[in-house]
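One letter stands for each residue in the lines below.
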Amino acid sequence: MYRTIQMALWADPKVKRLTVEGKLLFVYLITNQHSHVSGIYYLPRVLASLETGIKERSLDTLYHTLSGLGLLVWDGVSEIVWIKKMLARQAKGEKININVARHLATIHNLVMVKEFMAFYSERRIPYTRSEEHTSELQSPCNLVCRLLL
């Protein structure tokens, strides 16, 4: 698998303002093997730290900086990251939209998923999550019980 990085990335005023570690983290978030074409995925701090060499205590500051610049959204509790324009720059088409919809059903931050869907409203991603499914996801017991069945 590969990811596309436009050469203009380095001329982007937001990226130019980043420290070396900020640039490293941003490019890592786009290109790491755990990423998803949608740009929204689970990434534990410990893993990001191990793979980039950036100390865990620095990651929260870097995530905050990248988030403040509008490059991503980070939920430190669920450790879900969303690189906001990744999907727009990586892929198009109905098959991709179906893949993204399936992936969104695995994301446990429903607020971020709703923001994602609003951001990409023109993409016609066939994502729906029933209220029943939503309440199941919010209950750790229900999630664990379903996995055990």
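It should be emphasised that the depicted structure is a prediction, and the values quoted were computed from it without experimental measurement.

1. Points about the confidence of the model for the protein
When pLDDT is averaged across the protein, the result is 86; 87% of the residues are at 70 or more. Below pLDDT 50 for its whole length, residues 132–149 participates in 16 contacts with residues either more than four positions away or in separate chains.

2. Concerning the environment of glutamate 94
Its location among the elements puts glutamate 94 in helix 6 (residues 94–104). Measuring from C-alpha to C-alpha, the distance between glutamate 94 and arginine 124 comes to 8.5 Å, with 30 residues separating the pair along the chain.

3. Structural notes on unusual backbone geometry
Notably, glutamate 79 is not glycine yet its phi reads approximately 55°, a positive angle. Structurally, glutamate 79 can be placed in the loop between strand 2 (72–75) and strand 3 (80–83). The class for glutamate 79 is buried, based on a relative accessible area of 15%. Within the chain, arginine 124 stands out as a residue other than glycine whose phi angle is a positive 60°. Along the chain, the position of arginine 124 falls in the loop between helix 7 (110–119) and helix 8 (131–138). Judged by its relative accessible area of 73%, arginine 124 is exposed.

4. Brief notes about the sheet that holds strand 1 (residues 40–42)
Pairing is antiparallel in the open sheet, where 3 strands are placed in the order 1-3-2. Pairing within the sheet leaves two strands with one partner each, and these edge strands are strand 1 and strand 2. Going across the sheet, the axis of each strand differs from the next one's by a mean of 15°, ignoring polarity. Inspection of the sheet shows strand 2 paired to strand 3 by 4 bridges, in the antiparallel sense. Across the sheet, residue tryptophan 74 finds its bridge partner in strand 3, namely valine 81. Each of strand 2 and strand 3 touches helix 4 (residues 56–68); the most contacted strand, strand 2, lies at about 140° to it.

5. Let's talk about the pairing of strand 3
The side chains of a regular strand alternate between the sheet's two faces. Here strand 3 shows a buried face lined by Ile80 and Trp82 and a second buried face lined by Val81 and Ile83. Pairing of strand 1 with strand 3 involves 3 bridges; the strand directions are antiparallel. From the neighbouring strand, tyrosine 41 faces strand 3, where its bridge partner is valine 81. Hairpin connection between strand 2 and strand 3: a loop of 4 residues separates the two successive antiparallel strands, and glutamate 79 in this loop has a positive phi of roughly 55°.

Rules used throughout
- Residues numbered from 1 in each chain as written.
- Predicted model: local features only at pLDDT ≥ 70, side-chain atom pairs only at ≥ 80, totals over all residues.
- Heavy atoms only, no water.
- pLDDT = per-residue confidence, 0-100.
- Contact = heavy atoms within 4.5 Å.
- Helix = DSSP H or I, 4+ residues; strand = E, 2+ residues; numbered from the N terminus.
- Buried < 20%, exposed > 50% of the residue type's maximum accessible area, 1.4 Å probe, protein only.
- Pairing = 2+ DSSP bridges.
- Axes fitted to C-alpha atoms, helices over the stretch in contact; angles between N-to-C directions.

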